[in-house]
Amino acid sequence: MANSTCTLYTGITNNILRRTHQHKSHQCKGFTDKYNINRLVYVEAFSDPLSAITREKQIKKWNRGKKINLIESINPDWKDLSE
């Protein structure tokens, strides 16, 4: 997820619609609320939680440029995919 100035947040969930709504409505206190992280700009689906956690940890270790390249590989205009 990202905000209007492209601050990035990476996380996992078992319900992307519910979690995106929680971020948009500021129900998640902390980093996403502080920086108004409110746009779903990239998503991957996994069949099991362990694979999702492994991928999340991998992406979190990446530098900003690599994360941006990943996002722009499927969403070059940074559109909100939850709309």
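Cut-offs applied
Residues numbered from 1 in each chain as written. Predicted model: local features only at pLDDT ≥ 70, side-chain atom pairs only at ≥ 80, totals over all residues. Heavy atoms only, no water. Helix = DSSP H or I, 4+ residues; strand = E, 2+ residues; numbered from the N terminus. Rg over C-alpha atoms; globule rule 2.2 N^0.38 Å. Buried < 20%, exposed > 50% of the residue type's maximum accessible area, 1.4 Å probe, protein only. Areas by Shrake-Rupley, 256 points an atom, 1.4 Å probe, with all protein chains shown as cover. Lys, Arg positive; Asp, Glu negative; His and termini not counted. Charge placed at Lys NZ, Arg CZ, Asp CG, Glu CD. Salt bridge = Lys/Arg side-chain N within 4 Å of Asp/Glu carboxyl O. Core = buried A, V, L, I, M, F, W, Y, C linked by side-chain atoms within 4.5 Å. Contact = heavy atoms within 4.5 Å.

**Q** Account for the overall build of the chain, with residues named and values stated.
**A** Tallying secondary structure elements over the chain gives 4 helices and 0 strands in all. Taking 83 residues into account, the globule formula puts the C-alpha radius of gyration at 12 Å, and the chain, at 12 Å, falls close to it. Oriented by its inertia axes, the alpha-carbon framework of the chain measures out at about 30 × 25 × 25 Å. With 83 residues in all, the chain has 31% of them scored as buried. As displayed, the chain has an accessible area near 5,600 Å², and 53% of this comes from carbon and sulfur atoms. Here the chain contributes 14 positive and 8 negative side-chain charges, whose respective centroids are spaced 7 Å apart.

**Q** Before we move on, can you summarise the pattern of salt bridges with the specific residues and values?
**A** If you walk through the whole model with that rule in mind, you get 4 salt bridges. The residue K29 makes a salt bridge to D33 at a minimum N-O spacing of 3.8 Å. The partner of K60 in a salt bridge is E56, and the shortest N-O contact between them spans 3.1 Å. With K60 and E56 both in helix α3 (residues 49-61), this residue pair falls 4 residues apart, about one helical turn. The class of K60 is partly exposed, set by a relative accessible area of 45%.

**Q** Run through the nonpolar core, naming residues and quoting values.
**A** Within soluble globular proteins, side chains that are nonpolar tend to cluster in buried spots. Judged by nonpolar contacts, A2, L8, V41, Y42, I59, W62, L70, I71 and W78 together constitute the single largest core of 9 residues. Once you skip the residues sitting within four places of it in the chain, Y42 turns out to touch R55, L70, I71, I74 and L81.

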